[in-house]
Amino acid sequence: MKSFITELHKEAAINDLRRIVGVPSYLQKAVERAPFGQDVLDSLVECLAIFKEQGFSTYLDPEGYYGYAEVGQGTEIFGVLCHMDVVPAGDESLWETPAFEATVKDGAIIGRGVQDDKGPTMAALYAVKALMDAGVEFDKKIRFIFGTDEENLWRCMEQYHKKEKGIDMGIAPDAQFPVIYAEKGLLQVYLTGTGSDEFSFSGGAALNVVADTAVYSGDRLPEVSRELSRLGYDFEEKNDKLYVKGKSIHSKDAPQGINANTRLAEAMTAVYDHKAIDFLGRVIKSDANGKSVIGEFKDEASGALTFNAATVEINKNETRIGIDIRIPVTFKKIDVEEKLKEAGEIYGLVYEEHDYLDSLYVPVESELVTTLLAAYRDVTGDMREPQISGGATFARTMANCVAFGAMFDTTKDTMHQPNEIWQLAEMGKTMEIYAEAIYRLCGKK
Ligand SMILES: [Zn+2]
């Protein structure tokens, strides 16, 4: 098959990727017209400048929440949903090259954002540019939409929807190939209750991962320790505290992890009479599908619900349990919410919603999914079927939009990690796939 992409397009994509990786666009304090910090706004402005140089018309939200760049004609809009914000570098001593300086080495590019999502954004830009250079005309407007709060609360897209109209179809280049046609609903909640004078409990680092450590301190340490041993759970005693070990994994895959919080609570049920401990240690235990708490939620299209009691804090003042739930696409939030409220009430726990993202589902037989899949298969020869995911991309913020690339099954997933890296050969392949797919969906027939 003839490719639209030339070496020049690949080089230009790398050079422009360097420019935006150079801006440390992680969430910081708001300043005027930059709700997520000056650096986040600067990266958006730089990105818009890059698109403008390539012949796109651009727009920056006056309040600084989002921007977009457009090319093509027609009344329909094909959206490409990207984000310019990144997560922080993390422990910089673990980086072999500077996090916010893109380094090209051994056929790969390294730096924060090269996989998530600045690299795929540049690949998609030069895929469209290659079509323009080949004289392809578009029968739709191709609109790249740049969010700036994807790694946090998606407030950019909330503003976009307040101020702009939606798209007719689109992709989010922010996940995996071949194509993700269903993403589960995402509900994050806190259950709060009274604390304890007898012990303190602290476990888990964030709502989107399974807790790999839970820490106990209190007078009855020998008994809790004995119970942990009896259960055969991995733990360590250090400075008059017990550190229970789990296995961390992304919340969407919670059943494949080991939850340190519920393990510690399970041991504590033999020693303490405390409602929240009972809820965690007698009801939930190792159940990462929530069946024991809210019953079974499972469907053909997207599998079983996942349930992760991700964070637990119990101290003198209060109990606070953070839960991450991924809901199969055919169920509604309210079904889960009501059941969880009821279950919590029995244990004196009050329900408080933290975040909710609606699910995504575009039928496999739709024009969008079949065309994307065919383009992917024709370019790569990889015949894998469309996928479902518990992960969340901007695709779910728009109707008729799916996640499409840019990672292959051979790609080492380094998103959010030190030494984030993308192989240039994969970046080139991604450009070919995007060009072919957008040509088929938006090229004037
Ligand atoms: Zn992303």
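Please refer to the structure higher up on the page.
Note that the coordinates shown come from a computational prediction; the quantities given were computed from them, not determined experimentally.

A. Region of interest: a negative patch on the surface. On the surface, a cluster of negative charge is made up of Asp197, Glu198, Asp219 and Asp273. Checked against the element boundaries, aspartate 197 lands in the loop between β10 (185–194) and β11 (199–203).

B. Region of the structure containing the packing of helix α1 (residues 7–21) against helix α3 (residues 118–133). Remark: α1 packs on α3, axes separated minimally by 9 Å, with the N-to-C direction vectors making an angle of 145°. Crossing of α1 over α3 shows right-handed handedness. Two secondary-structure elements touch here, α1 through His9, Ala12, Ala13, Asp16, Leu17, Ile20 and Val21 and α3 through Lys118, Gly119, Met122, Tyr126, Lys129, Ala130 and Asp133. Here the residues of the contact of α1 with α3 sort into eight nonpolar, two polar and four charged.

C. How the structure looks around the coordination of the zinc ion. The protein atoms that coordinate the zinc ion are His83 (NE2), Asp116 (OD), Asp174 (OD) and Asp174 (OD), at distances of 1.8 to 2.4 Å. Because the angles between the four donor atoms bound to the zinc ion fall within 54 to 143°, the donor set is best described as irregular. Within one chain, the residues serving as donors to the zinc ion are arranged as H-x32-D-x57-D. Of this pair, histidine 83 sits in strand β3 (residues 77–83) while aspartate 116 sits in the loop between β5 (108–110) and α3, and the two are 33 residues apart along the sequence. Here the two residues histidine 83 and aspartate 116 agree in accessibility, since each one is buried.

D. Expanded view of the packing of helix α6 (residues 260–268) against helix α7 (residues 275–284). Contact geometry for α6 and α7: axes closest at 8 Å, N-to-C directions at 100°. Classed by the angle they form, the pair α6 and α7 counts as roughly perpendicular. For the pair α6 and α7, the contacting residues are Thr262, Ala265, Glu266 and Met268 in the first and Ile277, Leu280, Gly281 and Ile284 in the second. Taken together, the residues of the contact of α6 with α7 break down into five nonpolar, two polar and one charged.

E. Representation of the packing of aromatic side chains. Scanning the entire structure with this criterion turns up 22 aromatic pairs. Summarising the aromatic geometry, the rings of phenylalanine 56 and phenylalanine 144 are spaced 5.8 Å apart at their centres and angled 80° between planes, so their arrangement reads as edge-to-face. You can see phenylalanine 56 sitting in the loop between α2 (38–53) and β1 (57–60) and its partner phenylalanine 144 sitting in strand β6 (residues 141–147), a full 88 residues away along the chain. The two residues phenylalanine 56 and phenylalanine 144 agree in class, both being buried.

What counts as what
- Residues numbered from 1 in each chain as written.
- Predicted model: local features only at pLDDT ≥ 70, side-chain atom pairs only at ≥ 80, totals over all residues.
- Heavy atoms only, no water.
- Patch = residues over 30% accessible without salt bridge, like charges linked within 9 Å, V, L, I, M, F, W, Y side chains within 5 Å.
- Areas by Shrake-Rupley, 256 points an atom, 1.4 Å probe, with all protein chains shown as cover.
- Salt bridge = Lys/Arg side-chain N within 4 Å of Asp/Glu carboxyl O.
- Lys, Arg positive; Asp, Glu negative; His and termini not counted.
- Charge placed at Lys NZ, Arg CZ, Asp CG, Glu CD.
- Helix = DSSP H or I, 4+ residues; strand = E, 2+ residues; numbered from the N terminus.
- Axes fitted to C-alpha atoms, helices over the stretch in contact; angles between N-to-C directions.
- Left-handed = near helix turned anticlockwise from the far one by under 90°.
- Contact = heavy atoms within 4.5 Å.
- Nonpolar A, V, L, I, M, F, W, Y, C, P; charged D, E, K, R; others polar.
- Donors = N, O, S within 2.8 Å, 3.2 Å for Na, K, Ca; no water.
- Tetrahedral: all angles 85-135°; square planar, octahedral: opposite > 155°, others 65-115°.
- Buried < 20%, exposed > 50% of the residue type's maximum accessible area, 1.4 Å probe, protein only.
- Parallel < 35°, antiparallel > 145°, perpendicular 65-115°, else oblique.
- Phe/Tyr/Trp six-rings, centres within 6.5 Å; stacked < 30°, edge-to-face > 60°.

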